[in-house]
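What the coordinates show
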Amino acid sequence: MTKIRPAGAVEVLAKLGHGEAGPPVTETAAVIARLAGGEVRQVRLAADLSPQQAARQVMRALHQPRTVSSVLAAGEPSRPLWQRVAQQSAKPVVLVPAGARDQTPRIRRVLLPLDGTAQSASAVADAAERLARAGAELVVLHVFDAQTVPKFWDQHAHAGQAWGQEFLARYCALPRARLELRSGAAAEHVVKVAGAEQADMIALAWSQRLDPGRAAAVRQTILEAEVPVMLIPMPADYGPSALPSGTE
C-alpha cells in the first residue's frame, strides 16, 4: 500500500541498491528528515543498471518538488553514482561513509566550513538555519592561508575575538553557532576539526566541479570523514577568484 503523504510535506531521498547495506543510509536520511520536518522516501535501484542509468533514476526522484535532499552511500563502489548525482543536483546531497554503519545516527553538532565569501554563506544559509532551528550546534570553521591571514593572528586575543564575532555576524548569525579558526590549507583541517569537535555531520558548500586542482577539501573530506558529509551546491558563477581560503 502506498503511504499517503500530507500535502506540502517535504521528503528526504534515500537511495538503496547494488548490494549496499541499507541501514546507514536510511537511518541518516531519517534523522535529516526529522530535522526538516518531513519523511524519508526510498529509491531502490536494480542491480543491472549502469551508473548513468542509476544516476538518472535518482535525479528524477530528486527533482520532485517536495524532495529537499538526497542521502547516498559514499563508499568507493558507489563513486560512479554519487559523483554524478552530486555534480548535477541543485539540492544538497548527503554522503554516508561506510564507518557510519556502526554508529547511531544523530545530528547534534555540525561542522560548517566557510571561506569568508557571501557566496558560500548564501549557499549554506538554508541548511544551516534548518539545523540551528532543530537545535543543532554549528561549529563554523574558517581557514586562513598566507594571503588572507589577518593581523590579529599573532597579536592580542581580544582582537581575534572581535574579528570572530564580526565574521559570525556577517556569515552565520544563528543561535548556537561558534567559530573555530585555523591557518593553512582547508583540506588539511576539515576532517581533523570535525573529529576534535565530535561533529555528527560536515556541511560543505562546493562548486560541483572536480577539475584537476579544484575541490581539494571536498575530495579529502569525502575520502577521510567518518560522519556524513552534506554537499551543498554553490552558484554556477562561483569561480576560483572568490576562493581565498575556502573549501574548494
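An account of the accompanying structure is given in this report. Each chain carries its own residue numbering, running from 1 in the written order of its sequence. With the structure being a predicted model, the display of local features is reserved for residues of pLDDT at least 70 and the display and counting of side-chain atom pairs for 80 or more, all residues being used for whole-chain, interface and lining totals. Hydrogen atoms and water are omitted, and side-chain values are computed over all heavy atoms in the structure.

**Some words on the packing of aromatic side chains**
Test applied: Each Phe, Tyr or Trp ring, with Trp reduced to its six-membered ring, pairs with another whose centre is within 6.5 Å; inter-plane angles below 30 degrees give stacked pairs, above 60 give edge-to-face pairs, and intermediate values give tilted ones. Only runs of H or I of at least four residues qualify as helices and only runs of E of at least two qualify as strands under DSSP, and these elements are numbered from the N terminus.
Evaluation of the coordinates by the stated rule reveals 3 aromatic pairs. When the ring of Trp-163 is compared with that of Phe-167, the centres are 5.3 Å apart and the planes differ by 25°; the resulting orientation is stacked. Of this pair, Trp-163 and Phe-167 both sit in helix H5 (residues 157–171), 4 residues apart, which is roughly one turn of the helix. Grouping aromatic residues by their ring pairs yields a cluster made of Phe-144, Trp-163, Phe-167 and Tyr-171.

**What to know about the packing of helix H6 (residues 186–196) against helix H7 (residues 216–224)**
Cut-off, in case you're wondering: With axes taken as lines fitted to C-alpha atoms, and helix axes fitted only over the stretch in contact, angles between N-to-C directions fall between 0 and 180 degrees. Crossing handedness is read from the near helix: turned anticlockwise from the far helix by less than a right angle, it gives a left-handed crossing, and turned clockwise, a right-handed one. Contact criterion: two residues are considered in contact whenever any of their non-hydrogen atoms come within 4.5 Å of each other.
In contact at an axis separation of 8 Å, H6 and H7 are set at 35° when each is read in the N-to-C sense. As H6 runs across H7, the sense of the crossing is right-handed. Where H6 abuts H7, its residues Ala-186, Ala-187, Glu-188, Val-190 and Val-191 lie against Ala-216, Ala-217, Gln-220, Thr-221 and Glu-224.

**Here's the deal with the pattern of salt bridges**
Rule in force here: Basic side-chain nitrogens of Lys or Arg form a salt bridge, by our definition, when they fall within 4 Å of a carboxyl oxygen of Asp or Glu. Partly exposed residues are those whose accessible area sits between 20% and 50% of the maximum for their type, while under 20% is buried and over 50% is exposed, using a 1.4 Å probe and protein chains only.
Under the defined criterion, the tally for this structure stands at 11 salt bridges. A salt bridge links Arg-79 to Glu-76; the shortest N-O distance between them is 3.2 Å. By relative accessible area, Glu-76 is classed as exposed at 53%. The partner of Arg-178 in a salt bridge is Glu-137, and the shortest N-O contact between them spans 2.6 Å. One end of the pair, Arg-178, is in strand S7 (residues 177–183); the other, Glu-137, is in strand S6 (residues 137–144), with 41 residues separating them in the sequence. Take Arg-178: its relative accessible area is 28%, and that puts it in the partly exposed class. Salt bridges linked by common partners bring Arg-109, Glu-137, Arg-178, Glu-180, Arg-182 and Glu-197 together as one network.

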